Amino acid sequence: MKKLIAILALVVVLVIPAQASETQTQDPYIWVQEGDNTYCYIDNDRWSELDMLTGWHEIGGEVYFFHEDGRMAKSEWVAANDARFYFDAYGHLEKWEVGLK
């Protein structure tokens, strides 16, 4: 009975936010689209709170950058360490320039 309650609680946590935004799951990643912004969360141990990604991440063979507020970089340049990186409309790292001052 306890296991059933835990499973139902997990379903409620994952399904209710999907009503307010579009959600996709790529185990253990959960992608959430809110308006023009995309966020990605990771479920580290399946029974705790989800962690929002920030910074650089490789997921499914693609490199992504998530701003400090969790927004995925899309159709924009991101500057870091004397370089800049361009992310396409899907958030994939597309090109970069190094040696910038």
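My aim in this report is to walk through the structure given alongside it, one point at a time. Here the structure is a predicted model, which means the values were calculated and not measured.

**A few points about the sheet that holds strand β9 (residues 93–98)**
Here's step 1: Read across the open sheet, the 3 strands follow the order β7-β8-β9; overall the sheet is antiparallel. Each edge of the open sheet is held by one strand with a lone partner, namely β7 (76–80) and β9. Going across the sheet, the axis of each strand differs from the next one's by a mean of 20 degrees, ignoring polarity.
Here's step 2: Pairing geometry for β7 and strand β8 (residues 83–87), over 5 bridges, is antiparallel. If you follow W77 over to β8, its bridge partner there is Y86.

**Some details on the packing of aromatic side chains**
Here's step 1: This structure, assessed with the given rule, holds 8 aromatic pairs.
Here's step 2: An angle of 55 degrees between the planes, with centres 5.2 Å apart, marks the rings of W31 and Y64 as tilted. Taken together, the residues W31 in strand β2 (residues 29–34) and Y64 in strand β6 (residues 62–66) connect sequence positions 33 residues apart. Judged on exposure class, the residue W31 and its partner Y64 are both buried.
Here's step 3: Arranged with centres 4.9 Å apart and planes meeting at 75 degrees, the rings of W56 and F85 form a pair that is edge-to-face. Of the two residues, W56 sits in strand β5 (residues 55–59) while F85 sits in strand β8, which places them 29 residues apart along the sequence.
Here's step 4: Residue classification places W56 among the partly exposed residues on the basis of a relative accessible area of 38%.
Here's step 5: Among the aromatic residues, ring-to-ring pairing joins W56, F65, F85 and F87 into one connected group.
Here's step 6: Over the face of the ring belonging to W77 we find R84, whose NZ or CZ atom lies 3.9 Å from the ring centre.
Here's step 7: Over the ring of Y86 we find K95, and its NZ or CZ is 5.6 Å from the ring centre.

Analysis parameters
- Residues numbered from 1 in each chain as written.
- Predicted model: local features only at pLDDT ≥ 70, side-chain atom pairs only at ≥ 80, totals over all residues.
- Heavy atoms only, no water.
- Pairing = 2+ DSSP bridges.
- Helix = DSSP H or I, 4+ residues; strand = E, 2+ residues; numbered from the N terminus.
- Axes fitted to C-alpha atoms, helices over the stretch in contact; angles between N-to-C directions.
- Phe/Tyr/Trp six-rings, centres within 6.5 Å; stacked < 30°, edge-to-face > 60°.
- Buried < 20%, exposed > 50% of the residue type's maximum accessible area, 1.4 Å probe, protein only.
- Lys NZ or Arg CZ within 6 Å of the ring centre and 35° of its normal.

Such coordinate-based values are descriptive only and should not be taken to indicate function.
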